[in-house]
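A look at the structure
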Amino acid sequence: MNAIPSLEHTKVEAISGIVNDVRATFHTQKTRPLEFRLRQLRKLYWGLIDNADAIAAACKQDLGKGKFETDLAELDFCTQTILFNCKHLEKWAKDETAPDIPLANKLLFPKIRKDPLGCVLIIGPYNFPVNLVICPLAGAIAAGNTVVIKPSENAPQTALLLQTILANYLDPTCYTTVQGAIPETTALLEQKWDKIFYTGGVSVGTIIAKKAAETLTPVTLELGGRNPAIITKNADIRLAARRLLWAKIANAGQVCISQNYSLVDKEVLSSFIAEMKTAMKEFYPNGTRNTSDFARIINNRQWQRLKRMLNESKGKILMGGEMDEDDRYIEPTIIQVDSSKDSLVAEESFGPFIPIMAVENLDEAIRIANEVDATPLGIYPFGNKSETERVLQEVRSGGATVNDGFMHGALPTLSFGGVGESGQGAYRGQASFECFTHRRSIVSTPSWLEGMMSSRYPPYDDSKMAKLRAGALKPNFDREGKVRFSLVSYVLSLGAGSKTGGLVRYLFVILTAIGFRRYLQ
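Residues numbered from 1 in each chain as written. Predicted model: local features only at pLDDT ≥ 70, side-chain atom pairs only at ≥ 80, totals over all residues. Heavy atoms only, no water.

**Things to note about the nonpolar core**
For the record, the criterion: Buried Ala, Val, Leu, Ile, Met, Phe, Trp, Tyr and Cys residues that are joined via side-chain atoms within 4.5 Å together make up what is termed a nonpolar core. Throughout this description, buried means an accessible area under 20% of the type-specific maximum (1.4 Å probe, protein chains only), exposed means over 50%, and partly exposed covers the range between. Numbering of helices and strands runs from the N terminus, with a helix taken as a DSSP run of H or I at least four residues long and a strand as a DSSP run of E at least two residues long. Only heavy atoms enter the contact rule, under which two residues are in contact if any of them lie within 4.5 Å.
Counting 114 residues, the largest nonpolar core has Leu 137, Ile 231 and Phe 272 as its most contacted members. Considering each element in turn, this core owes the most residues, nine residues, to helix α5 (residues 131–142). Those residues in contact with Leu 137 that lie beyond four places of it in its chain are Leu 44, Ile 122, Val 147, Ile 149, Leu 166 and Leu 170. Judged by nonpolar contacts, the second largest core, of 19 residues, contains Val 148, Val 178, Leu 188 and Leu 189.

**Details of the pairing of strand β13 (residues 333–337)**
We count it as follows: Whether two strands pair depends on DSSP finding at least two bridges between them.
Among the five residues that make up β13, four are buried, leaving the element largely enclosed by the rest of the structure. Alignment of strand β10 (residues 316–319) against β13, held across three bridges, turns out to be antiparallel. By the bridge assignment, Met 319 is partnered in β13 with Ile 334.

**Section: the packing of helix α2 (residues 34–50) against α5**
What counts, and what does not: Working convention: axes come from line fits to C-alpha atoms, limited for helices to the stretch in contact. Angles between N-to-C directions cover 0 to 180 degrees. Roughly parallel means an angle under 35 degrees; roughly antiparallel, over 145; roughly perpendicular, 65 to 115; everything else is oblique. Less than a right angle of anticlockwise turn of the near helix away from the far helix marks a crossing as left-handed, whereas a clockwise turn marks it as right-handed.
It is at 9 Å that the axes of α2 and α5 come closest, and there the two elements cross at 160°. As summarised for this structure, α2 and α5 are arranged roughly antiparallel, according to the angle between their axes. Note on packing geometry: the crossing formed by α2 with α5 is right-handed. Residues Arg 37, Gln 40, Leu 41, Leu 44 and Leu 48 of α2 form the contact with α5, whose participating residues are Ile 134, Leu 137, Ala 138, Ile 141 and Ala 142.

**A word on the sheet that holds strand β8 (residues 228–231)**
The strand order β10-β13-β14-β9-β8-β15-β16 describes an open sheet built from seven strands, whose pairing is mixed. The outermost strands of the open sheet, each flanked by one partner alone, are β10 and β16 (399–400). Bridging between strand β15 (residues 378–382) and β16 involves two bridges; their strand directions are parallel. Residue pairing for β16: Ile 379 is matched across the bridge by Ala 400. Together, β8, β9 (261–265), β14 (353–359) and β15 form the strand contacts of helix α9 (residues 237–249), whose direction differs from that of β8 by roughly 170°. Packed on one face of the sheet, helix α13 (residues 362–372) meets β8, β9 and β14 and runs near 165° to β9.

**Regarding the pattern of salt bridges**
For the record, the criterion: By definition here, a salt bridge exists when the distance from a side-chain nitrogen of Lys or Arg to a carboxyl oxygen of Asp or Glu is within 4 Å.
As enumerated under the stated definition, the model contains 26 salt bridges in all. For Asp 95, the salt bridge is made with Lys 111, and the minimal N-O distance between the two is 3.8 Å. Placement of Asp 95 in the loop between α4 (67–93) and β1 (96–97) and of Lys 111 in strand β2 (residues 111–116) is noted, with a sequence separation of 16 residues between them. Residue Lys 111 is classed as partly exposed on the basis of its relative accessible area of 25%.

**Remarks on a nonpolar patch on the surface**
The condition is simple: Residues enter patches when their relative accessible area tops 30% and they take part in no salt bridge; the joining distance is 9 Å for like charges and 5 Å for the nonpolar side chains Val, Leu, Ile, Met, Phe, Trp and Tyr. Surface accessibility follows the Shrake-Rupley procedure with a 1.4 Å probe radius. Residue values consider only the protein chains on display as shielding.
Taken together, Tyr 506, Leu 507, Ile 510, Leu 511 and Ile 514 make up a surface patch of nonpolar side chains, about 470 Å² in accessible area. Structurally, the position occupied by Leu 511 is in helix α18 (residues 499–520). Residue Leu 511 is classed as exposed on the basis of its relative accessible area, which comes to 53%.

**What about unusual backbone geometry?**
The phi angle of most residues is negative, glycine excepted, and most peptide bonds adopt the trans form. With an omega dihedral of 0°, the bond running from Pro 458 to Pro 459 counts as a cis peptide bond. Here Pro 459 shows up in the loop between β20 (437–442) and α16 (462–469). Although it is not a glycine, Arg 328 adopts a positive phi angle of roughly 55°. Among the structural elements, Arg 328 can be located in the loop between β11 (323–324) and β12 (329–330). Its identity is not glycine, yet Arg 428 carries a phi of approximately 85°, on the positive side. Summarising the element assignment, Arg 428 is placed in the loop between β19 (426–427) and α15 (430–435).

**Thoughts on the sheet that holds β20**
The antiparallel open sheet is built from three strands, whose spatial order is β1-β2-β20. The strands lining the two open edges of the sheet, one partner per strand, are β1 and β20. Here β2 runs beside β20; their pairing, made up of six bridges, is antiparallel. Bridge pairing links Ile 112 to Ser 441 in β20.

**A word on α5**
Applicable threshold: The span expected for a helix works out to 1.5 Å for each residue beyond the first.
If you check α5, its first and last C-alpha atoms are 16 Å apart, about what 12 residues at 1.5 Å a residue would give, namely 16 Å. In terms of burial, α5 is a largely internal element, 12 of the 12 residues being buried. Within α5 the residues assigned to the buried category are Asn 131, Leu 132, Val 133, Ile 134, Cys 135, Pro 136, Leu 137, Ala 138, Gly 139, Ala 140, Ile 141 and Ala 142.

**Focus on the side chain of Ser 455**
Within the element layout of this structure, Ser 455 appears in the loop between β20 and α16. In contact with Ser 455, other than residues within four places in its own chain, are Tyr 460, Lys 464, Lys 467 and Leu 468.

**Let's talk about the packing of aromatic side chains**
Heads up, the rule is: Only Phe, Tyr and Trp rings take part, Trp by its six-membered ring, and two of them pair if their centres are within 6.5 Å. Stacked means planes under 30 degrees apart, edge-to-face means over 60, and tilted covers everything else.
Summed over the entire model, instances satisfying the criterion amount to nine aromatic pairs. Measuring from ring centre to ring centre gives 6.0 Å for Tyr 126 and Phe 350, while their planes differ by 80°; the resulting arrangement is edge-to-face. Here Phe 350 lies in the loop between α12 (343–346) and β14 and Tyr 126 lies in the loop between β3 (119–123) and α5, a separation of 224 residues in the sequence. The two residues Tyr 126 and Phe 350 agree in class, both being buried. When the centroid spacing of 6.2 Å and the interplanar angle of 75° are considered together, the rings of Phe 294 and Tyr 329 count as edge-to-face. On the criterion of sequence distance, the pair formed by Phe 294 in the loop between α10 (269–283) and α11 (300–312) and Tyr 329 in strand β12 is long-range, its members being 35 residues apart. Exposure remark for Phe 294: the relative accessible area of 1% places this residue in the buried category. For Tyr 329, a relative accessible area of 1% gives the class buried.

**Quick look at the state of the cysteines**
In plain terms, the rule: In this description, a disulfide is simply a cysteine sulfur pair whose atoms lie within 2.5 Å.
As enumerated under the stated definition, the model contains zero disulfides in all. Among the cysteines around Cys 78, which has no disulfide bond, Cys 135 carries the closest sulfur, lying 4.0 Å off. No disulfide involves Cys 435; its nearest neighbouring cysteine sulfur is the one of Cys 135, lying 12 Å away. Looking at Cys 435, the relative accessible area reads 7%, which means it is buried.

The structure is reproduced here in structure tokens:
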């Protein structure tokens, strides 16, 4: 592929026309047929494959990201997502028979139809500039929407490459790109959308949510968080150290779901730190400065922010600390801190800092985690089963990985999303299709049912109400909320507590009796 030219921002005055054109295309019904969606997904797949080297070069130029990380977290993640969507789209898009419908209402043939939302906007971040645009785009295409993407201007080479891929491989009347920064994004938010999908920081996410609320536009917000790792004295310390170190060196720590800080039982603190230092030497025998396997900070503004955080910290550097602004390089740095108010704990670093804080016990760790961030994007408990289950029970989060770092966010087919301040909505796997789909309830009332429907028409009387209430659910509990015991129901359901359970038990009894009888014969 030819050299990528410099990024040009879309003219602000042109944005409304671009959006109107894409919206008009949606109303032509062009994107509704499944075969059209599948062809666009297949072409997007080949767009990525054909430009694999260009993707690696762009990510290297923007982030200093090595080819291994780019192939794994950008290219392969996206291509596997697309192939998974292609494989399952027909099943996902089928009408569903509505569940939990009383027998009398089944004659209305209730069903759920999966309708595309319409014209959607996807705003991407800089840390995984291909993955976090293409994966939601693949979901939006699968669901039958038209799409405008706005890649991050902080990863300009990748942003321009994405624009080129969309223009060359996809239908340009359905899927297009707007480039730019704050003015262009502001202009985009002035348009009417049927869905906005945003990945990035909490502050911008809040602005987007407020603007979307003005037009009652639904949003999916994939934000960050001050994610805790909790290491108890019963954890496998060597494993915890290796896995959490990996989680903070990946992409030079610019991973929204990596742990922001680690709370370590004081009895194993020294061994945890020692194991992390050992793992660092194993991963990078010659250090991280001159290897192609360690990324750089995205730009000088973010580098300065990280330097300021480290300068403001009252913690003690135990490993690393080397920094070079000209190269946007920050060495993986272990810092022992003594307070949850420390700058490296209280703020999301989004860099290769590894603050570690000693705690007395699991009680203190859980208390601190809830105080620092009540709804982080992820939590990472290391310990025995009862300890990790307790953390999952008592600390909320968008997702969690037990005895590892952020693996729940590394599975392309597992639903992923935040909660509270770490975001709202989810995508990946079937959740990506559902993210951009409206589940439309439909019933069809046959004309021959008119006689049976007559009770709903006036004039009203008690007999009509009695007919309408026939078959209605009755409570099985008293005024104190206690369940009433019914011998008849117990016998009829064989103690299963439900008709379905009773049917299964009766079937089992019958099959057992038949088998026993044949055995006796």
